[in-house]
Amino acid sequence: MKNLTERFLKYVTFDTQSNDESGVTPSTPGQMEFVKYLRTELEELGLEEITLDDNGYLFATLPANSDKSVPVIGFIAHVDTSPDMSGKNVSPRIVENYDGGDIVLSEKENIVLSPKQFPELLHHTGEDLIVTDGTTLLGADDKAGIAEILSAVAYLKEHPEIRHGKIRIGFNPDEEIGLGAHKFDVEKFGCSWAYTMDGSEVGELEYENFNAAGAKITIRGRNVHPGYAKDKMINSLRVANRFVSLLPQQEVPEATEGYEGFYHLIGMQGDVEQTTISYIIRDHDRRKFEERKKKIEQVAEQINREFGEGTATVELKDQYYNMREKIEPVMHIVDFAFDAMKAVGVQPIVKPIRGGTDGAQLSFKRLPCPNIFAGGLNFHGRYEFVPIQSMEKACQVIVKIVEKVHDSSSWF
């Protein structure tokens with residue numbers, strides 16, 4: 001794993017922020033630039049069946065080094081970084097042997113990564129942390145996953161005594177805007193199952209995620225000169241606030257955890273004449289998920305009763321579903337990851353994802369795909385960091401999964 005850190009530090013220099021308004025795939029040119037670089041690295045590693053399509057999906061094969069007939073498995077990571085914060089001119093540094101204190105990211109801007117706000121730092125005392133300079137995100141989500149996959153592949157190439165079947169590698173664009181799996185050619189990828197290396201803390205192993213939908217509510221008002229507005233004006237901004245107030249006030253991200261779902265207000269733009277409200281709707285339970293969508297429609301109906309028919313209109317769009325129903329029939333693929341973690345000294349943390357991954361959509365495209373930790377924390381912002389030791393553990397897990405799948409007696 002000697003080149004793991006060097007790989008990661010190189011990868012974060014590519015500006016690969018995705019953009020959900022571009023209407024093309026990949027959604028930003030920096031992603032294509034990055035996958036072209038990765039293609040060259042795959043070629044240098046001596047991988048085979050390397051393909052890069054016009055949409056930025058990069059696939060490759062590590063051929064089997066055993067005559068034993070075992071399933072083809074894959075490892076997947078996404079090349080884009082979140083639109084939530086700039087990923088341009090990322091300037092990382094390594095805090096060696098972290099002492100448990102505050103880390104000054106930017107003295108000039110007084111930006112400090114502190115265990116007082118981020119107590120998870122204390123879980124990594126004595127380790128080597130890669131942090132930002134406080135002006136950008138880091139990009140461990142998911143460039144740590146890419147570095148881990150390629151470092152594990154390089155290790156397997158260097159250690160032919162570790163017997164394995166055919167391994168497929170997949171790097172895709174636009175996961176952060178929910179489109180990573182949309183143009184992923186599962187048949188071409190050709191795996192029995194795969195793993196996304198896109199989780200957070202060491203030990204995370206996830207095969208449950210939110211059911212997800214987006215809601216766009218348009219509020220149409222009636223603008224009249226305010227001096228003559230009595231009984232005439234309908235202020236769409238005020239109506240929009242009324243709409244928000246009618247949803248359960250404690251069923252929001254900042255007040256929920258575990259399996260609890262929520263309505264998340266992510267945008268409100270408008271004026272007196274018209275306002276648009278944007279929500280994302282999340283719940284692990286499919287029945288409750290459907291009820292949440294129905295609640296949005298019921299609130300719109302109430303608004304129309306109060307302010308007149310046509311005041312509120314709703315557009316609902318499902319985004320992805322809980323992969324659990326697709327994983328449970330093939331739970332041995334989770335068991336392989338669970339056992340691999342234990343074998344390399346990692347305590348598995350099996351828990352639901354309070355979000356989604358490409359693996360969720362891929363599972364519904366008939367590629368079962370649990371999610372494994374990549375090691376980064378505080379994704380999508382200036383306080384993101386990744387311990388080098390966590391990335392090393394992720395590499396070890398990949399290698400051990402490959403080994404265990406090969407050695408399993410269930411394929412006889």
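Engineer: Got a minute to help me understand unusual backbone geometry in this structure?
Structural biologist: Peptide bonds are, in most cases, trans, and in most cases residues other than glycine have a negative phi. Residue Pro26 follows Thr25 across a cis peptide bond; omega there is -5°. Looking at where Pro26 falls in the secondary structure, it is placed in the loop between helix H1 (4–11) and helix H2 (29–44). Cis geometry is adopted by the peptide bond preceding Asp142, which originates at Asp141 and carries an omega value of 15°. Mapped onto the elements, Asp142 comes out in helix H3 (residues 140–158). In the Ramachandran plot, Asp231 falls in the positive-phi region, its phi being about 65° despite a non-glycine side chain. Tracing the sequence through the fold places Asp231 in the loop between strand S11 (211–220) and helix H5 (236–245). The exposure class of Asp231 is exposed, given its relative accessible area of 73%. Here Arg366, not a glycine, exhibits a phi torsion of approximately 75°, which is positive. Following the sequence through the fold, Arg366 ends up in the loop between helix H9 (358–364) and strand S16 (371–373).

Engineer: I keep staring at the sheet that holds strand S4 (residues 93–95) and nothing clicks. Help me out?
Structural biologist: Consider a sheet: its strands pair through backbone hydrogen bonds, and that pairing is either parallel or antiparallel. The sheet built from three strands is open, its strands ordered S4-S7-S17 with antiparallel pairing. Each edge of the sheet is formed by a strand with only one pairing partner; in this case those strands are S4 and strand S17 (385–387). Ignoring strand direction, the axes of neighbouring strands in this sheet form an average angle of 30°. Of the strand pairs in this sheet, S4 and strand S7 (residues 129–131) are connected by three bridges, and their pairing is antiparallel. Bridging from a neighbouring strand, Val95 pairs with Leu129 of S7. Of the strands in this sheet, S4, S7 and S17 touch helix H10 (residues 388–407), which is tilted by about 65° from S17.

Engineer: I tried to follow the sheet that holds strand S2 (residues 58–62) on my own but got confused; where do I start?
Structural biologist: Read from one edge to the other, the open sheet built from eight strands follows the order S1-S2-S8-S3-S9-S16-S10-S15, with strand pairing classed as mixed. Bordering the open sheet on either side are strand S1 (48–52) and strand S15 (349–350), each of which pairs with just one other strand. As defined by bridge partners, strand S10 (residues 204–206) adjoins S15 across two bridges and the pair is classed as parallel. Looking at the pairing, Leu205 lines up with Val350 of S15. Contacting S2, strand S3 (73–78), strand S8 (167–172), strand S9 (193–199) and S16, H3 crosses the sheet at an angle of about 145° to S3.

Engineer: Before we go on, may I ask you to explain the pairing of strand S13 (residues 274–283) in this structure?
Structural biologist: Residues in a regular strand point their side chains to alternate faces of the sheet. Within S13, eight of the 10 residues are buried, leaving the element largely enclosed by the surrounding structure. Looking at chain direction, S11 and S13 are connected through 10 bridges and run antiparallel. Directly across from Arg220, in S13, lies its bridge partner Gln274. Bridge analysis of strand S12 (residues 262–270) against S13 gives eight bridges, and the strand direction is antiparallel.

Engineer: When you look at the packing of H1 against H3 in this model, what are you seeing that I'm missing?
Structural biologist: Working note: a packed helix pair is described by the angle between its axes plus the distance between those axes. Two elements in contact, H1 and H3, have axes separated by 9 Å at closest approach and are oriented at 140°. The orientation of H1 relative to H3 falls into the category oblique. Between H1 and H3 lies a crossing of right-handed hand. Contacts from Leu4, Arg7, Phe8 and Tyr11 in H1 reach Ala140, Lys143, Ala144, Ile146, Ala147, Glu148, Leu150, Ser151 and Ala154 in H3. Here the contact of H1 with H3 is composed, by residue class, of nine nonpolar, one polar and three charged.

Engineer: Before we go on, may I ask you to explain the environment of Gly100 in this structure?
Structural biologist: Locating Gly100 in the fold gives a position in the loop between S4 and strand S5 (103–106). Gly100 sits in the buried class, given a relative accessible area of 17%. With 76 residues separating them in the primary sequence, Gly100 and Val24 have C-alpha atoms 44 Å apart. Excluding its chain neighbours within four sequence positions, the residues that come into contact with Gly100 are Pro115, Leu122 and Thr125.

Engineer: Which parts of the structure should I look at to understand the pattern of salt bridges?
Structural biologist: Pairs can form between side chains of opposite charge once their charged atoms are near each other. One pass over the full model with this rule turns up 15 salt bridges. For Lys166, the salt bridge is made with Glu49, and the minimal N-O distance between the two is 3.3 Å. With Lys166 in the loop between H3 and S8 and Glu49 in strand S1, this residue pair connects regions lying 117 residues apart in the sequence. The class of Lys166 is partly exposed, set by a relative accessible area of 30%. Glu49 gets classed as partly exposed once you look at its relative accessible area, which sits at 44%. Across the salt bridge formed by Glu328 and Arg324, the nearest N and O atoms sit 2.5 Å from each other. With relative accessibility at 39%, the residue Glu328 sits in the partly exposed group. In this structure, a network of salt bridges that share partners links the residues Arg286, Glu290, Lys293 and Asp318.

Engineer: I would appreciate a short explanation of H1 in the present structure.
Structural biologist: Given 3.6 residues per helical turn, the α-helix brings residues three or four places apart onto the same face. Within the sequence span of H1, burial applies to Leu4, Thr5, Arg7, Phe8 and Tyr11. All buried residues of H1 lie within an arc of 160° about the axis, which places them on one face of the element. Buried residues in H1 make contact with H2, S4, S7, H3, S17 and H10.

About the cut-offs
- Residues numbered from 1 in each chain as written.
- Predicted model: local features only at pLDDT ≥ 70, side-chain atom pairs only at ≥ 80, totals over all residues.
- Heavy atoms only, no water.
- Helix = DSSP H or I, 4+ residues; strand = E, 2+ residues; numbered from the N terminus.
- Buried < 20%, exposed > 50% of the residue type's maximum accessible area, 1.4 Å probe, protein only.
- Pairing = 2+ DSSP bridges.
- Axes fitted to C-alpha atoms, helices over the stretch in contact; angles between N-to-C directions.
- Contact = heavy atoms within 4.5 Å.
- Parallel < 35°, antiparallel > 145°, perpendicular 65-115°, else oblique.
- Left-handed = near helix turned anticlockwise from the far one by under 90°.
- Nonpolar A, V, L, I, M, F, W, Y, C, P; charged D, E, K, R; others polar.
- Salt bridge = Lys/Arg side-chain N within 4 Å of Asp/Glu carboxyl O.
- Arc of directions from axis to C-beta.

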